[in-house]
Amino acid sequence: MSQNVQQEFVNSRLWETFKKRFKSATTEASYWSDITEFCRFCGKKLEDTALVDVERYYAFMRKKVEEGRISPLTVTKKFRELHSFLRFAADEWNDGAEYTDYFYSYLKSMEKERNLARCVPVDEMDALLEAASEDLMSYTILVLMYRAGLSSMEIAGMDGPEDLVMYGDEGYVLVSGREEPVYIPPDAWEILMRYMDQRENHPSLFYNRSGRRLNTMYISRMMKKYCRKAGINDHSAEAVRNCCAFNLFSYGASPKQVAEQMGRTQQQIRRYRGMNYRGSLRRHADQLVKIRIESP
């Protein structure tokens with residue numbers, strides 16, 4: 001993170017105070033990237049930006065959408081984060097500067113695009129992971145949905161360690177109904193191995209207090225429990241899983257690659273984009289998604 005950019009565009013003490021709200025580097029990096037991108041686009045300090053700057057930035061982002069370079073959902077994410085930071089600065093920071101949130105008015109129309117397929121906003125996903133960090137099994141389940149795109153039904157159906165395989169240095173899981181093993185990114189694999197080190201010997205990979213296989217209702221109740229603990233809106237397991245597709249598209253994965261990771265057809269995967277996305281495969285899946293989940 002460039003200190004020069006921080007000193008030039010964003011009040012350092014304001015940023016240091018704001019980022020204490022986050023429990024993981026994933027959310028911090030996402031916010032910081034979008035805030036500084038906007039400031040570099042305007043060439044101004046954040047408090048000096050005006051409505052005309054936001055209008056120009058929005059037009060620039062829409063042009064990138066029309067060219068197929070980014071998804072409309074990516075624009076929504078950026079505007080949500082800029083709105084959140086400026087609202088915090090305006091309401092809770094007093095350094096003599098005047099911070100105005102011009103992003104909120106755009107979010108109402110963007111909400112329709114976001115509902116093409118429900119997902120969990122990055123800051124709420126961070127809070128959800130933090131809330132579940134007390135229970136390694138729940139944390140692992142969330143990570144497998146969020147990073148590997150596994151569904152609650154697929155997770156509930158996994159058997160013991162025999163469903164986990166290594167090909168070279170890469171980890172995969174065997175999932176019923178999938179033609180190919182599902183790739184697990186290194187950060188998620190590390191958490192899964194931590195869970196494996198402490199799990200008891202039962203017929204299924206994940207189990208309840210009685211040692212019996214989980215069902216989707218159990219995972220649904222788990223979601224409600226930790227959403228409430230995190231103080232966020234209720235989100236479904238499917239919404240967490242959808243984040244995997246959104247993240248892949250945001251960083252340039254092709255429809256074919258996203259469909260393979262999610263176990264769906266390319267036609268089904270269109271709803272995660274909300275556009276005729278012109279994706280191109282440039283890196284492997286773990287390099288495409290510039291996020292990392294830390295162990296609890």
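Above this text you will find the structure in question.
Residues numbered from 1 in each chain as written. Predicted model: local features only at pLDDT ≥ 70, side-chain atom pairs only at ≥ 80, totals over all residues. Heavy atoms only, no water.

## Observations concerning the overall build of the protein
Part 1 of the reasoning: Scanning the protein for helices and strands turns up 15 helices and 3 strands.
Part 2 of the reasoning: Across the 296 residues in the protein, those meeting the buried criterion constitute 51%.
Part 3 of the reasoning: Residue pairs in contact within the protein that sit at least 24 positions apart in sequence constitute 67% of those at least 6 positions apart.
Part 4 of the reasoning: A total of about 14,600 Å² of accessible surface is found on the protein, and carbon and sulfur atoms cover 46% of it. (Helix = DSSP H or I, 4+ residues; strand = E, 2+ residues; numbered from the N terminus. Buried < 20%, exposed > 50% of the residue type's maximum accessible area, 1.4 Å probe, protein only. Contact = heavy atoms within 4.5 Å. Areas by Shrake-Rupley, 256 points an atom, 1.4 Å probe, with all protein chains shown as cover.)

## Looking at the environment of A188
Part 1 of the reasoning: Tracing the chain through its elements places A188 in helix α10 (residues 186-198).
Part 2 of the reasoning: With 17 residues separating them in the primary sequence, A188 and G171 have C-alpha atoms 9.4 Å apart.
Part 3 of the reasoning: Not counting chain neighbours up to four residues away, the residues in contact with A188 comprise V143 and R147.

## Points about helix α5 (residues 72-92)
Part 1 of the reasoning: Here α5 is 21 residues long and its end C-alpha atoms lie 30 Å apart, about the 30 Å a rise of 1.5 Å per residue gives.
Part 2 of the reasoning: Buried residues dominate α5, accounting for 15 of its 21 residues. (Expected span 1.5 Å × (residues − 1).)

## With respect to the pairing of strand β1 (residues 164-167)
Part 1 of the reasoning: With 4 bridges connecting them, β1 and strand β2 (residues 170-173) associate as antiparallel partners. In the sheet register, M166 faces β2, and the bridge partner there is G171.
Part 2 of the reasoning: The turn linking β1 back onto β2 is made up of 2 residues, and G168 within it adopts a positive phi angle of 65 degrees. (Pairing = 2+ DSSP bridges.)

## Notes on the packing of aromatic side chains
Part 1 of the reasoning: With the rule as written, the count across this model stands at 20 aromatic pairs.
Part 2 of the reasoning: Considering the side-chain rings of F41 and Y57, the 5.4 Å spacing of their centres and the 65 degrees angle between planes classify their relative orientation as edge-to-face. On the criterion of sequence distance, the pair formed by F41 in helix α3 (residues 25-42) and Y57 in helix α4 (residues 51-66) is long-range, its members being 16 residues apart.
Part 3 of the reasoning: Site record: aromatic cluster; members linked through ring pairs are F38, F41, Y57, Y58, F60, F79, F103 and Y106. (Phe/Tyr/Trp six-rings, centres within 6.5 Å; stacked < 30°, edge-to-face > 60°.)

## Quick word on the pattern of salt bridges
Part 1 of the reasoning: Inspection of the entire model under this criterion finds 12 salt bridges.
Part 2 of the reasoning: Salt-bridge contacts for D159 lead to R213; the nearest nitrogen and oxygen are separated by 2.7 Å. Here R213 lies in the loop between α10 and α11 (216-230) and D159 lies in the loop between α9 (152-156) and β1, a separation of 54 residues in the sequence.
Part 3 of the reasoning: According to the relative accessible area criterion, D159 is partly exposed, its value standing at 28%. (Salt bridge = Lys/Arg side-chain N within 4 Å of Asp/Glu carboxyl O.)

## Topic: the packing of α3 against α5
Part 1 of the reasoning: Where α3 contacts α5, the two axes come as close as 9 Å, and the packing angle between them is 90 degrees. Taken together, α3 and α5 sit at an angle that is classed as roughly perpendicular. For the pair α3 and α5, the contacting residues are S30, Y31, D34, I35, E37 and F38 in the first and K77, K78, E81, L82, S84 and F85 in the second.
Part 2 of the reasoning: Here the contact of α3 with α5 is composed, by residue class, of 5 nonpolar, 2 polar and 5 charged. (Axes fitted to C-alpha atoms, helices over the stretch in contact; angles between N-to-C directions. Parallel < 35°, antiparallel > 145°, perpendicular 65-115°, else oblique. Nonpolar A, V, L, I, M, F, W, Y, C, P; charged D, E, K, R; others polar.)

## Thoughts on the packing of helix α7 (residues 122-132) against helix α8 (residues 136-148)
Part 1 of the reasoning: At a closest axis distance of 9 Å, the pairing of α7 and α8 adopts a crossing angle of 155 degrees. By the angle class used here, α7 and α8 are roughly antiparallel. For the element pair α7 and α8, the recorded crossing hand is left-handed. Two secondary-structure elements touch here, α7 through M125, L128, L129 and A132 and α8 through Y139, L142, V143 and Y146.
Part 2 of the reasoning: The residue inventory of the contact of α7 with α8, partitioned by class, reads 8 nonpolar, no polar and no charged. (Left-handed = near helix turned anticlockwise from the far one by under 90°.)

## As for the sheet that holds β1
Part 1 of the reasoning: Reading across the sheet, the 3 strands line up as β1-β2-β3 and stay open at both edges, with antiparallel pairing between neighbours. Looking at strand neighbours, the two that pair on one side only are β1 and β3 (182-184), the edges of this open sheet. Averaged over all pairs of adjacent strands, the angle between their axes in this sheet comes to 40 degrees, without regard to strand direction.

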